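# Coordinate inspection notes
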Amino acid sequence: MDSDREKLASVPSHQITLPVRDYDLGLTLSSGQAFRWQAVEGEWEGVIRGHWVSLKPVPGGIVARTARPVRDWDWLREYLRADEDLNSVVSHFPRDPAIHAALAACPGLRLLRQDPWECLASFILSSTKQIVQIQQIVAKLCERWGEAIPTADGDRLAYAFPSAETVAALEERDLRECKMGFRAAYLLQTARIIAEGKLDLEELSQLTVGTARERLESLPGVGPKIADCVLLFGYGFQEAFPVDVWILKALQQLYFPKRQVTLRQMREFSRGHFGRFAGYAQQYLFHYMRTQNRQ
DNA sequence: CTCCAGGCGCCTT
DNA sequence: AAGGCGCATGGA
């Protein structure tokens, strides 16, 4: 019986159902950690490590459809962190009113585990841009310079995220065509450093979070905030706590309503206060602030 | 029209 | 160490 199931599971297929709970797929994919997801008729279409995939929430799980038959679905489980137990993460949060409100405001919000290069490049492009605009820039970059890949419906194509080597071979004006402005030079220089092997992105996952952060911050266009985003969303260093303008507002308003606190002091405070899964707490506070601000 | 956006690098104190 | 400013671009 079990061996039959093994055999069935290893047969290449265009579809799989991943069992998950406490998982708001739409909220997670549109929460500003990844920039390539599009809502199409109740499903979410995107590209993960060169696989076009469509995801649909169903009771008790997520149904994934691909263009080509797939034997090993680990890339998808890893990306969605499908095996992570949200309750055990939340149990490590500090018990304060701010976290409580943020948790209540966005149940089922998750962290993704993205490809490090795509994550790094995307967040280099994120500085002083709104999420919608980052999505547009990344879409242009992929359409213009990414490899064309098949989708589930015949003639329509999707595009992979261009590799560091591909970007490194371009000129700055090629990148500026994608409307990324002054970020073009940063992306190009960073791509060349990686393509030349001067920094090994694969190796970073084996370092301590502090050393990995130092390496990332040595790249042009990568400061503390972007480094923390890459550590959190691309490598799964769950203690990383990106501090951007929204989080600054959130911490100021929720934890220091009486006195003005500098960005540096906020980084200091967040390191001590939020614990092992600080990155998850950050994502909840970030999204909480964004939704509050909408009205 | 002005203001600001999931910042960073460089230049002053 | 800490603060101010310019940087491209587009949406509100």
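This text follows the structure it describes.
What counts and what doesn't
Throughout, a residue's number is its position along its own chain's written sequence, starting from 1. Chain A is the first chain written and ligand 1 is the first ligand written, with later ones labelled in order. Per-residue local features are limited, in this predicted model, to residues with pLDDT of at least 70; the limit for side-chain atom pairs, both in listing and counting, is 80 or more; totals at the level of whole chains, interfaces and linings are taken over all residues. Side-chain figures throughout are based on the complete set of non-hydrogen atoms in the structure, without hydrogens or water. Runs of H or I in DSSP of at least four residues are treated as helices and runs of E of at least two as strands, each being numbered from the N terminus. The quantity called the radius of gyration is restricted to C-alpha atoms. Its globule counterpart is 2.2 Å times the number of residues to the power 0.38. For every residue, the accessible area obtained with a 1.4 Å probe (protein chains only) is divided by the maximum for its type, and the residue is called buried under 20%, exposed over 50%, and partly exposed between those limits. Contact definition: two residues touch when any of their heavy atoms are within 4.5 Å. Accessible surface is estimated by sampling points in the Shrake-Rupley manner with a 1.4 Å probe; for residues, cover comes only from the protein chains shown. All tallies of charge rest on Lys and Arg as positive and Asp and Glu as negative; His and the ends of each chain are not included. Just so you know, the charge point we use is NZ for Lys, CZ for Arg, CG for Asp and CD for Glu. In plain terms, two cysteine sulfur atoms within 2.5 Å form what is called a disulfide here. Note on aromatic contacts: the rings of Phe and Tyr and the six-membered ring of Trp form a pair at centre separations within 6.5 Å, being stacked when their planes are under 30 degrees apart, edge-to-face when over 60 apart, and tilted otherwise. Here a residue is considered near a molecule or strand provided that any single heavy atom belonging to it is located within 4 Å of it. Here a polar contact is recorded for every N or O atom pair within 3.5 Å, except that within protein the pair must consist of a potential hydrogen donor and a potential acceptor, and residues adjacent in sequence are included only if both atoms are side-chain atoms. The classification used treats Ala, Val, Leu, Ile, Met, Phe, Trp, Tyr, Cys and Pro as nonpolar, Asp, Glu, Lys and Arg as charged, and all other residues, Gly among them, as polar.

## As for the overall build of chain A
Counting secondary structure elements, chain A contains 15 helices and seven strands. Scaling as 2.2 N^0.38, a compact globule of 295 residues should have a C-alpha radius of gyration of about 19 Å, and chain A matches this with 20 Å. Taking the principal axes of the C-alpha coordinates as reference, chain A spans close to 60 × 50 × 40 Å. Residues classed as buried in chain A amount to 49% of the 295 residues present. Of the contacts made within chain A by residues no fewer than 6 positions apart, 67% connect residues no fewer than 24 positions apart. In the structure as shown, chain A presents an accessible area of about 14,700 Å², 49% of it carried by carbon and sulfur atoms. Charge-centre separation for chain A: the mean point of 36 positive side chains lies 6 Å from the mean point of 36 negative side chains.

## Some thoughts on the environment of leucine 187
Mapped onto the secondary structure, leucine 187 falls in helix 10 (residues 183-195). As for leucine 187 and phenylalanine 123, which are separated by 64 residues in sequence, their C-alpha atoms are 9.7 Å apart. Discounting chain neighbours no more than four positions away, the residues touching leucine 187 are Trp117, Ala121, Ile124, Leu125, Leu141, Val167, Leu175 and Met180.

## A word on the state of the cysteines
A full pass over the atoms with the stated rule returns zero disulfides. Counting only cysteine sulfurs, cysteine 229 is the nearest neighbor of cysteine 106, a cysteine outside any disulfide, at a range of 17 Å. Given a relative accessible area of 2%, cysteine 106 falls into the buried group. Among the cysteines around cysteine 229, which has no disulfide bond, cysteine 119 carries the closest sulfur, lying 7.1 Å off. The class for cysteine 229 is buried, based on a relative accessible area of 2%.

## Quick word on the packing of aromatic side chains
Applying the stated criterion across every chain yields a total of eleven aromatic pairs. With centroids separated by 6.0 Å and ring planes inclined at 50°, the aromatic side chains of tryptophan 37 and tyrosine 79 adopt a geometry described as tilted. Of the two residues, tryptophan 37 sits in the loop between helix 2 (25-29) and strand 2 (38-40) while tyrosine 79 sits in helix 3 (residues 74-80), which places them 42 residues apart along the sequence. We note that tryptophan 37, like tyrosine 79, is buried. The interplanar angle of 80° and the centroid separation of 5.0 Å between the aromatic rings of phenylalanine 256 and phenylalanine 269 together place this pair among those described as edge-to-face. Taken together, the residues phenylalanine 256 in the loop between helix 13 (245-255) and helix 14 (263-273) and phenylalanine 269 in helix 14 connect sequence positions 13 residues apart. Exposure remark for phenylalanine 256: the relative accessible area of 14% places this residue in the buried category.

## Quick notes on the protein's contact with DNA strand C
In the vicinity of DNA strand C, the contacting residues are Lys129, Gln133, Arg176, Lys179, Gly181, Phe182, Arg183, Thr262 and Arg264. Here DNA strand C approaches the protein such that, of its atoms within 4 Å, sugar and phosphate make up 62%. Between DNA strand C and lysine 129 there is a distance of 2.5 Å, counted from a base oxygen to a side-chain nitrogen or oxygen. Contacts to DNA strand C include glutamine 133, whose side-chain N or O atom sits 3.2 Å from a sugar or linking oxygen. Broken down by class, the residue content of the surface near DNA strand C amounts to one nonpolar, three polar and five charged.

## Topic: the protein's contact with DNA strand B
If you check the shell around DNA strand B, you find 28 residues, and the closest are Gly32, Lys129, Gln130, Ile131 and Gln282. Each atom of DNA strand B within 4 Å of the protein was classed as base or backbone; sugar and phosphate made up 64%. Here a base oxygen of DNA strand B and a backbone polar atom of serine 31 are 3.4 Å apart. A distance of 2.7 Å separates a base nitrogen of DNA strand B from a polar backbone atom of glycine 32. Residue composition of the surface near DNA strand B, grouped by class: 13 nonpolar, twelve polar and three charged.

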